[in-house]
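Listed below, chain by chain, are the residues.
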Amino acid sequence: MLKFILKRLGSAAGVLLAASLLLYILVINSGDPLGDLRESNAENREYLMQQRTEYMNLEQPWYLRYLTWLTGVSKCFVGACDLGRNINGIEVTDLLANAASSTLRLVLLATVIAAILGIAIGVLTAVRQYSGLDYLVTFLTFLFFSLPVFWAAVLLKEYMAIGYNNWLENPQISLGTSILIGVVAGLVLQMLLAGSLKRRGITFLATAIFVPLLLQYSVWLNFYRFPQMGPAVIIVLTVLLALSATAMSVGLKEKRVLYPALITAVLVLGMYYATFWLLAEPNGWLLLGGAILAVVIPGLIGKLMGGRLSKAAMGVSVTVGLVGAGLTVLDHIFRAWPGFLDLKGRPIATIGSSTANLEGGFWDHFLDNATQLLLPTIVLAIISLASYSRYTRSSMLEVQQQDYIRTARSKGLSERTVIFRHAFRNALIPIATIAAFDFAGLIGGAVVTETVFGWKGMGDLFNTGLHAVDPAPVMAFFLVTGTAAVLFNLLADIVYAILDPRIRV
Amino acid sequence: MRFQRVSKAVVVGAAMALALSACAPGGSETSPSASESAGGGNAGAEATTTGLADLGDIATKDGAIKVSIGAPEFISYNGNTPQTYSTYNSGITDRMFASFVYFGTDGKIYPNEDLGSFEKISDDPLTIKYTIADNAKWSDGTDITTADAVLAWATQNLNLNSGSKDKPLFNSVSTDLGDTVPKGPQGDPAGKEFTVEFKAPDPDWQIQTWMLHPAHVVAKKGGLSTEEFVAAVRDGDSKKLEKAAKFWNEGWTTKPGTLPDEADIPVSGPYKLSSWKAGESVTLTANENYYGTPAATKELNFRFLADSGMVQALQNKDLDVIGPQPTVDTLEQLKGLGSAVNIQQGDTLTWEHLDFNFVKGNTMTNLELRKAFAMCVPRQEIVDNLIKPLNPEAQVMNLREVFPFQENYADTVAAAYDGRYDQVDIEGAKKILEEQDAVGTKVRIGYSAPNERRTNEVAQIKSSCDKAGFEIVDAGDPKFFAPGGTQERGDYEVALFAWAGSGQITSGQNIYATGKPQNYGKYSNAEVDAAWETLATSLDPAVHAEQTKKIEKLLWDDLFGIPMFAHPGLSASGADIQNVRHTATQNGIVWNAEQWMRAE
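Residues numbered from 1 in each chain as written. Chains lettered and ligands numbered in written order. Predicted model: local features only at pLDDT ≥ 70, side-chain atom pairs only at ≥ 80, totals over all residues. Heavy atoms only, no water.

**Q** Where do I start with the overall build of chain A in this structure?
**A** Of the regular secondary structure elements, chain A holds 20 helices and 0 strands. Projected onto the principal axes, the alpha-carbon positions of chain A cover approximately 85 × 60 × 45 Å. Going through the 505 residues of chain A one by one, you find that 45% of them count as buried. Contacts in chain A between residues at least 24 apart in sequence constitute 74% of all its contacts with a sequence separation of at least 6. Accessible surface, chain A: about 25000 Å² in total, of which carbon and sulfur atoms supply 71%. The positive charge centre, built from 36 side chains, and the negative charge centre, built from 29, are 20 Å apart in chain A. (Helix = DSSP H or I, 4+ residues; strand = E, 2+ residues; numbered from the N terminus. Buried < 20%, exposed > 50% of the residue type's maximum accessible area, 1.4 Å probe, protein only. Contact = heavy atoms within 4.5 Å. Areas by Shrake-Rupley, 256 points an atom, 1.4 Å probe, with all protein chains shown as cover. Lys, Arg positive; Asp, Glu negative; His and termini not counted. Charge placed at Lys NZ, Arg CZ, Asp CG, Glu CD.)

What follows is the structure, given as structure tokens:
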């Protein structure tokens, strides 16, 4: 394995070097770096051109310029990267650090969401091939896939930012709208839950009646400006979760699983009160610590009380613990929302990654970052989600035709085991490659998304550099994206080996 | 079955939860009202001149106004080096530095009495006496003195160099003060008065920069006292100044997102830098030690945003003022927002023109052919089709050195141009071409492509002039101005481009006089040269006006080229922001940002 990796790395380095030379030559010949000055009527135009020529070494032959750059880059190996300066005299290393962190913030969440949702949808549609759900999802994914980013972003801004903010000034939902939403929700839900015609009918009716009522109730509560949950809702939800998770895994009769789950639910309530003041003004580490505890403590309870069912007990308890902790955090976010609205009257912004000079505490900044990230994340996720779900679907369908799946079924394994343990794992193999490339591509910056939402990430670095015929930022961009492509390619190979024992050597 | 049980349980549970929690409506009983629209459009102080309006006795109001003039990131506190100089950077730094003069919305020069006053005390040699206001201080409390003027002079002085004039000590965009004012500002470095003596008469003496950066900071960073610094500059002691110059060149240019130490960036203007988030925005805060009219709003936030996101950001109130590139699409979108925004439209000081190629052998060296071409160019139609949609007030420009919105335009036009090319005269042009036996003459119109507007202009010229017997060729080329490009090779008959007016009186000499660097078409006319010489060596506005008329008339008679129109400008602001005013100058919409404020 090591030899394989080293060999791959070696060839990758060669490719990178050759590509960098090619790109460098292309960039410096892509236009006239003095173009803006030539059309200027400044009196000392000649002097300015001469200054820039000297500053950017324009008079040196291409190989000398490239070598200068390469020497700077090679210092990276001794920990003193010198990627040069851009046309404005700013260190490219600094520019790159800012651009990379901004792009990562932008694409990381979107990619993870797209991958998880996309794969889930793919599996679901493959299992229910040729059902109404399948057709609907197929239609939607093709629609999303063909959406031009720019247009989608403008629409999202129009409705989800401007429209929502306007609505939020005085949130009202008319009776007609509520009923319409209820009907649509009912249709979608019956499609998702499926079953016999009678069951579908009941699901539809229940949803179509319940959702409008809930919406009207929320309006009466003024929920959208003053959301509230409170400990009562948290405990009811966690207990319900404990009951249903137990029922789904081993059945309610198994006290060894039920009790730890219920104990966890009660603990959640206890922790809600215990951490109330702490969580009113927390920090990132505190939340992380809380999340770890929410896994470890229920896990221990499950292990100790579960006996021979300890695995199931642990799973159920941890789920209950995590969801309970999540609800507790959500409760605090709800509490912070009205104050946040006072600071930022129109919460969903159309541009930027944060509000400048926002006052307020941890939750206000948390909410600010979340609301700023919302739109670009949706745009990016919706578009790559489409391809994930399509690939997963076809890959799942292919795997399900295999002989070993039939064997597994005839062995009498439950359908869930067949799908998740036997089919799904194998279906994931091609997805691993796509995910790796997708992520490497996204690091390169979602140029259009960045531009439309006013983020200065990798895409902007590249674009600005190229327009100014300024090689240093463009090459820095290349360095990161090229390396990422190579590394993720390698990673995909390794993941392949983990997922598919046949190619493990 | 299991699913059914679970979904039932969920429904029951949810109902239970709602009942249990017994929630009560949040917030106050009255629903928050939608924000009131500020009536009266662009309310606020009424401007009576093209200069800054008189806001009366105002105090700085809390709050922030968010503005975007484009995507480029803030570069540096010192925006005067060739690397850092850009209109975007100046849009921010101009708020921080007071100057003795400023440009009004039509390019007229107004004195800034907050900083001080100046008067011409002698014509020969041209000597100006500047007096800095007694209470004028940097934001750190240091007095603004003659030493600061000496720094401004030093940075524009090529005689302070390390070896030769190619390697000036201070790496600045403007470089000529060392030669035009050999001795620099004279006066006690710690005093408030200084005089400058020009070697030759300079009609543009008013707009020379005599106040820029804080000398006490540069001196300190250079390891000198302010007095030592001034003495070294006056003695031309380059060695001693090296460290200070290095600081001026590079010390203020920091890592994006990190401002220099607060002690190093005092300001003389109404705003100072307060925070910078890389890739996002720079925030300026009102300078509480400002000695003049205080800034109207406490914070100004400059966002770096590409045009494509501006209109929606304005609509969503993420921004309060935007200065996009003017396009018909943007204007339509802005109009769609109705009374929620104010739109500022108008001319700018950049003007489009067709210039003939006078290089020997070119067909356009024939005056008759130039006349025929001028007759068939549909200037009015071009303005109607391409410019009026953006600026309803736009008109065909009939002069080169004076813009239609300037006060001396009508007077100068009357003296220089009789309106002979106002109407398209295809028949007249045809007749000339036939007389000259030049029917079918190929006219290559060159410009720097891609440029949609110019492509359209050429298309309109073609459809008109081809009728007269010319053969118009669209010679747009990305490398039109590049070395070895169309322009340099002279492979064109007519060049289509724009000059940006700078507010200088003499800048046209570089374009129209024989052998000057911007005289691309190699035009030469002894009378024009002489008129420029007279203009450039006189300090008398009457002489300037008279010579301008003379030059304009000669250039029309000789058909140096055909002026077309002033480029339109566009900006918009939220209806609740007062005192946002269009300006024709390159300062852009932020020119009076210190006066912007939010209506109550």
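From this point, the narrative continues.
**Q** Mind showing me how you'd approach the overall build of chain B here?
**A** Per the secondary structure count, chain B includes 18 helices and 17 strands. For chain B, the C-alpha atoms occupy an extent of roughly 100 × 75 × 45 Å along the three principal directions. Relative to its full complement of 600 residues, chain B shows a buried share of 55%. Looking at chain B as shown, the accessible area adds up to about 24400 Å², and 49% of this sits on carbon and sulfur atoms. Mean positive and mean negative side-chain charge positions of chain B (53 and 80 charges, respectively) differ by 6 Å.

**Q** Explain the interface of chain B and chain A here, please?
**A** Much of the literature gives interface size as the accessible area that the parts lose upon coming together. Counting residues at the interface gives 74 residues for chain B and 66 residues for chain A. The contact between chain B and chain A buries some 5900 Å² in all, and 55% of this surface belongs to carbon and sulfur atoms. For the interface between chain B and chain A, the tally reads 16 residue pairs in polar contact (both at pLDDT 80 or more). For the side of chain B that touches chain A, the elements supplying multiple residues, two or more each, are α1 (2-21), β7 (271-277), β8 (281-286), β9 (297-304), α8 (310-315) and β14 (494-500) of chain B. The leading source of residues in the side of chain B that touches chain A is α1 of chain B, at 12 residues. Within the side of chain B that touches chain A, the residues separate by chemical class into 33 nonpolar, 30 polar and 11 charged. (Buried area = accessible area lost by both parts, 1.4 Å probe. Polar contact = N/O pair within 3.5 Å; in protein donor to acceptor, adjacent residues only side chain to side chain. Nonpolar A, V, L, I, M, F, W, Y, C, P; charged D, E, K, R; others polar.)

**Q** Would you explain helix α6 (residues 226-235) of chain B in this entry?
**A** Note on helix geometry: an α-helix contains 3.6 residues per turn, so any two residues three or four positions apart are oriented the same way. All names here are of chain B. Among the residues of α6, those classed as buried are Phe-229, Val-230, Ala-232 and Val-233. In an axial view of α6, the angular spread of the buried residues amounts to 160°, which keeps them on one side of the axis. For α6, the secondary structure elements touched by its buried residues are α3 (146-155), α5 (215-221) and α7 (238-251). With its phi angle positive at about 70°, Gly-236 sits one or two positions after the end of α6. (Arc of directions from axis to C-beta.)

**Q** Just checking my understanding: could you explain the state of the cysteines for this structure?
**A** Every disulfide links exactly two cysteines, by a covalent bond between their sulfur atoms. Taken as a whole and assessed by the stated rule, the structure comprises 2 disulfides over all chains. The disulfide that involves Cys-76 of chain A links it to Cys-81 of chain A, with 1.9 Å between the sulfurs. With the S-S dihedral at roughly 125°, the linkage between Cys-76 of chain A and Cys-81 of chain A falls on the right-handed side. Classification of Cys-76 of chain A as partly exposed rests on a relative accessible area of 27%. Shown here is the disulfide that connects Cys-376 of chain B with Cys-465 of chain B, its sulfur atoms set 2.0 Å apart. (Disulfide = S-S within 2.5 Å.)

**Q** I keep staring at the UniProt feature "domain: Solute-binding protein family" (unreviewed entry) in chain B and nothing clicks. Help me out?
**A** In the numbering used here, UniProt assigns the "domain: Solute-binding protein family" (unreviewed entry) feature to residues 119-502 of chain B. Each end of residues 119-502 of chain B is marked by a C-alpha atom, and these two atoms are 22 Å apart; helix forms 31% of the span and strand 20%. (UniProt positions renumbered as here; feature names shortened; annotations may be inferred.)

**Q** Is there a simple way to think about the sheet that holds strand β11 (residues 341-356) of chain B in this case?
**A** Backbone hydrogen bonds are what pair the strands of a sheet, in a parallel or an antiparallel way. Residue and element names in this part refer to chain B. Read across the open sheet, the 10 strands follow the order β7-β8-β9-β1-β10-β15-β11-β14-β12-β13; overall the sheet is mixed. Each edge of the sheet is formed by a strand with only one pairing partner; in this case those strands are β7 and β13 (471-477). Note that strand β1 (residues 61-70) and β9 share 7 bridges and pair parallel. The residue of β9 that forms the bridge with Ile-65 is Leu-300. Sheet strands in contact with helix α10 (residues 367-376) are β11, β12 (442-448), β13, β14 and β15 (561-574), and its direction is about 155° off that of β11. Contacts from helix α14 (residues 452-468) reach β11, β12, β13, β14 and β15 within the one sheet, and its direction differs from that of β13 by about 170°. (Pairing = 2+ DSSP bridges. Axes fitted to C-alpha atoms, helices over the stretch in contact; angles between N-to-C directions.)

**Q** What is the right way to read the pattern of salt bridges from this model?
**A** Counting across every chain of the model gives 33 salt bridges over all chains. The partner of Arg-335 of chain A in a salt bridge is Asp-331 of chain A, with the nearest N and O atoms 2.9 Å apart. Of this pair, Arg-335 of chain A and Asp-331 of chain A both sit in helix α14 (residues 310-343), 4 residues apart, which is roughly one turn of the helix. Members of the salt-bridge network, linked through shared partners, are Asp-418, Arg-420, Lys-553 and Asp-557 of chain B. (Salt bridge = Lys/Arg side-chain N within 4 Å of Asp/Glu carboxyl O.)

**Q** I keep staring at the confidence of the model for chain B and nothing clicks. Help me out?
**A** Regions with low pLDDT should not have their predicted coordinates read in detail. Residue and element names in this part refer to chain B. Overall, the predicted model of chain B reaches an average pLDDT of 89, with 92% of residues at or above 70. Predicted confidence is poor over residues 28-42, with pLDDT under 50, and the contacts of this stretch with residues over four places away or in other chains come to 17 contacts. For this predicted complex, the interface confidence score (ipTM) comes to 0.86, while the overall pTM stands at 0.87. (pLDDT = per-residue confidence, 0-100.)

**Q** Mind showing me how you'd approach the domain arrangement of chain B here?
**A** Residues and elements named next belong to chain B. What the domain assignment lists for chain B is domain 1 (8-48 + 58-85 + 271-347 + 569-598), domain 2 (116-251) and domain 3 (349-568). Distance from the C-alpha centre of domain 1 to the C-alpha centre of domain 3: 40 Å. For the pair domain 1 and domain 3, the summed buried area comes to about 1000 Å², and 56% of that belongs to carbon and sulfur atoms. Of all residues in domain 1, Asp-347, Ala-584 and Gln-586 bury the most surface against domain 3, accounting for 49% of the area lost on that side. (Domains from an automatic or database assignment.)

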